[in-house]
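# Fold and contact review
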Number of protein chains: 2
Amino acid sequence: MKIITIGREFGSGGRELGKRIADKLGIAYYDREILTEISKKTSLAEEYITQIIERKPSVQYPITIANSFGVYDSDLNKTQNKIFAEQNNVIKELASKSDCVIVGRCADYILRDQKPFRIFVYSDMASKIKRCREKGEVGADLTDKQIKRHIKAIDKHRKNYYNFYTGLDWGNKENYDIMINTSDKLIKDVVDEIVKIFK
Amino acid sequence: MKIITIGREFGSGGRELGKRIADKLGIAYYDREILTEISKKTSLAEEYITQIIERKPSVQYPITIANSFGVYDSDLNKTQNKIFAEQNNVIKELASKSDCVIVGRCADYILRDQKPFRIFVYSDMASKIKRCREKGEVGADLTDKQIKRHIKAIDKHRKNYYNFYTGLDWGNKENYDIMINTSDKLIKDVVDEIVKIFK
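Residues numbered from 1 in each chain as written. Chains lettered and ligands numbered in written order. Predicted model: local features only at pLDDT ≥ 70, side-chain atom pairs only at ≥ 80, totals over all residues. Heavy atoms only, no water.

### Quick word on the interface of chain A and chain B
At the junction of the two partners, chain A supplies 29 residues and chain B supplies 29 residues. A combined buried area of about 2,500 Å² lies between chain A and chain B, and 67% of that area is made up of carbon and sulfur atoms. Its largest share of buried area at the contact with chain B, chain A owes to Lys173, Ile197 and Phe198 of chain A, together 30% of the area lost on that side. There are six salt bridges connecting chain A and chain B. (Contact = heavy atoms within 4.5 Å. Buried area = accessible area lost by both parts, 1.4 Å probe. Salt bridge = Lys/Arg side-chain N within 4 Å of Asp/Glu carboxyl O.)

Encoded structure:
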């Protein structure tokens, strides 16, 4: 049984890397599919779940505040915790069905008893900005500075979310089996390069 | 032309990983061989060079002090700089001859124009202590606490040495293409695992 989890900085190409690995190995790939499952189980709309899990850092404020004041039971946090609990179930269920690659969502932590192979993908800022533009993940009218702010905000949120639920430090090398730098590289070439060296 | 450089924490198995990669690829492997070359070129005894380059942190003190006071020209530092300059030449010469794996010695920085594939190998403390014992790299009579102190001192020295000569931060993910965690794993299995996933 092989479970591969992928943590990734926004714009580092982690999704594509995950897909390529899943395709090559002929195993399942889960990313947004997980939200659909949670939606079915909680009867909450998928968009609402996305909003709660991946909400913009501006509305993420309450968690941090609640945390530092020792107040955990706001309605927003109750919903977030409920969704996280459901996400736990969904991820464990998916991982028990077959070998798979799971991107994000604290899967490395949730599945820790199964000893997944934990990958973290990162990149320098210039490459992340370039990749965001090319993939059309940000508005075409944004300046580099605006994209940079957007990337930083998302990664800050990912870090807060991960650290809050796992008690570990997102992006810290201790928590991964391998860390891959995709700066100035095509994801396809990253995979080829690794294969060439370790084959 | 493929140059692979390996930075590594003491006890992380970086040497063995480098050797395995070199053997698999059928390319040259340089580690201590570099000291022998420097010895030939500088007419300094190999042991003396080792002592200067890899000297114990207790005598490494002068560099740090000299650095913070802006004093660089003590005799010790002159010798160290001379050896570093010669190491530069030797590493460039070796890398120009054929594909190779070079362990340590700021080779990633020295060869930066050739865009080497830069690996960093790390491990948790328990695994490093275990590996040091098994490889007999430390006295069999040492306690875990003593080995831990020894490992920390060597890594601190490696970091100081690397940061001093490169202006970069040793072990910081930005400076490597891939970071490999060897905690609780045999080096053989680490390579096999990566091959299995990226093949």
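### Overview of the side chain of Ser123 of chain A
All names here are of chain A. Counting through the fold element by element, Ser123 comes out in the loop between strand S4 (117-122) and helix H7 (125-134). The exposure class of Ser123 is buried, given its relative accessible area of 8%. For Ser123, the side chain forms a polar contact with the side chain of Thr182, separated by 3.2 Å. Residue contacts for Ser123: discarding those within four places in its chain leaves Glu9, Ser12, Lys128, Arg131, Asn181, Thr182 and Ser183. (Helix = DSSP H or I, 4+ residues; strand = E, 2+ residues; numbered from the N terminus. Buried < 20%, exposed > 50% of the residue type's maximum accessible area, 1.4 Å probe, protein only. Polar contact = N/O pair within 3.5 Å; in protein donor to acceptor, adjacent residues only side chain to side chain.)

### Section: the sheet that holds strand S1 (residues 3-8) of chain A
Taken together, the 10 strands give an open sheet; going across it, the order is S2(A)-S3(A)-S1(A)-S4(A)-S5(A)-S5(B)-S4(B)-S1(B)-S3(B)-S2(B), and neighbouring strands pair in mixed fashion. Two strands close off the open sheet at either side, each with one partner strand: strand S2 (28-30) of chain A together with strand S2 (28-30) of chain B. Strand after strand, the sheet turns through a mean of 20 degrees between neighbouring axes, direction not considered. In this structure, S2 of chain B lies alongside strand S3 (residues 100-103) of chain B, joined through three bridges in parallel fashion. Looking across to S3 of chain B, one finds that Tyr30 of chain B is bridged to Ile102 of chain B. (Pairing = 2+ DSSP bridges. Axes fitted to C-alpha atoms, helices over the stretch in contact; angles between N-to-C directions.)

### Describing the pattern of salt bridges
Tallied over the full model, the rule gives 34 salt bridges over all chains. For the salt bridge of Asp177 of chain A with Arg118 of chain A, the shortest nitrogen-to-oxygen distance reads 3.0 Å. Note that Asp177 of chain A is positioned in the loop between helix H8 (144-166) and strand S5 (178-181) and Arg118 of chain A in strand S4, a separation of 59 residues in sequence. Given a relative accessible area of 7%, Asp177 of chain A falls into the buried group. Given the relative accessible area of 23%, Arg118 of chain A is considered partly exposed. Of the charged contacts, one joins Asp192 of chain B and Lys188 of chain B as a salt bridge, the two residues approaching to 3.1 Å between their closest N and O atoms. Of the two residues, Asp192 of chain B and Lys188 of chain B are both situated in helix H9 (residues 187-198); the distance of four residues between them amounts to about one turn of the helix. By sharing partners, the salt bridges in this structure join Lys2, Arg118 and Asp177 of chain A together with Lys185 and Glu193 of chain B into a single network.

### Comments concerning H7 of chain A
Residues and elements named next belong to chain A. Buried residues of H7: Ser127, Lys128, Ile129, Arg131 and Cys132, and no others. On its buried face, H7 sits against H8 and helix H9 (187-198). Positive backbone phi, at 65 degrees, marks Gly136, one or two positions downstream of H7.

### Concerning the packing of helix H3 (residues 46-53) of chain A against helix H5 (residues 75-97) of chain A
To describe two helices that pack against each other, one gives the angle between their axes and the distance between the axes. Residue and element names in this part refer to chain A. Two elements in contact, H3 and H5, have axes separated by 10 Å at closest approach and are oriented at 105 degrees. Considering the angle they form, H3 stands roughly perpendicular to H5. In this structure, H3 contributes Tyr48, Ile49, Ile52 and Ile53 to the contact, and H5 contributes Leu76, Thr79, Gln80, Ile83 and Gln87. Its residues assigned to classes, the contact of H3 with H5 shows six nonpolar, three polar and no charged. (Parallel < 35°, antiparallel > 145°, perpendicular 65-115°, else oblique. Nonpolar A, V, L, I, M, F, W, Y, C, P; charged D, E, K, R; others polar.)

### Looking at H9 of chain A
Residue and element names in this part refer to chain A. An ideal rise of 1.5 Å per residue puts 16 Å on 12 residues; H9 measures up with 17 Å between its terminal C-alpha atoms. Residues of H9 that are buried include every one of Ile187, Val190, Val191, Glu193, Ile194, Ile197 and Phe198, and no others. The buried residues of H9 occupy an angular sector of 160 degrees when projected down its axis, which confines them to one face. (Expected span 1.5 Å × (residues − 1). Arc of directions from axis to C-beta.)

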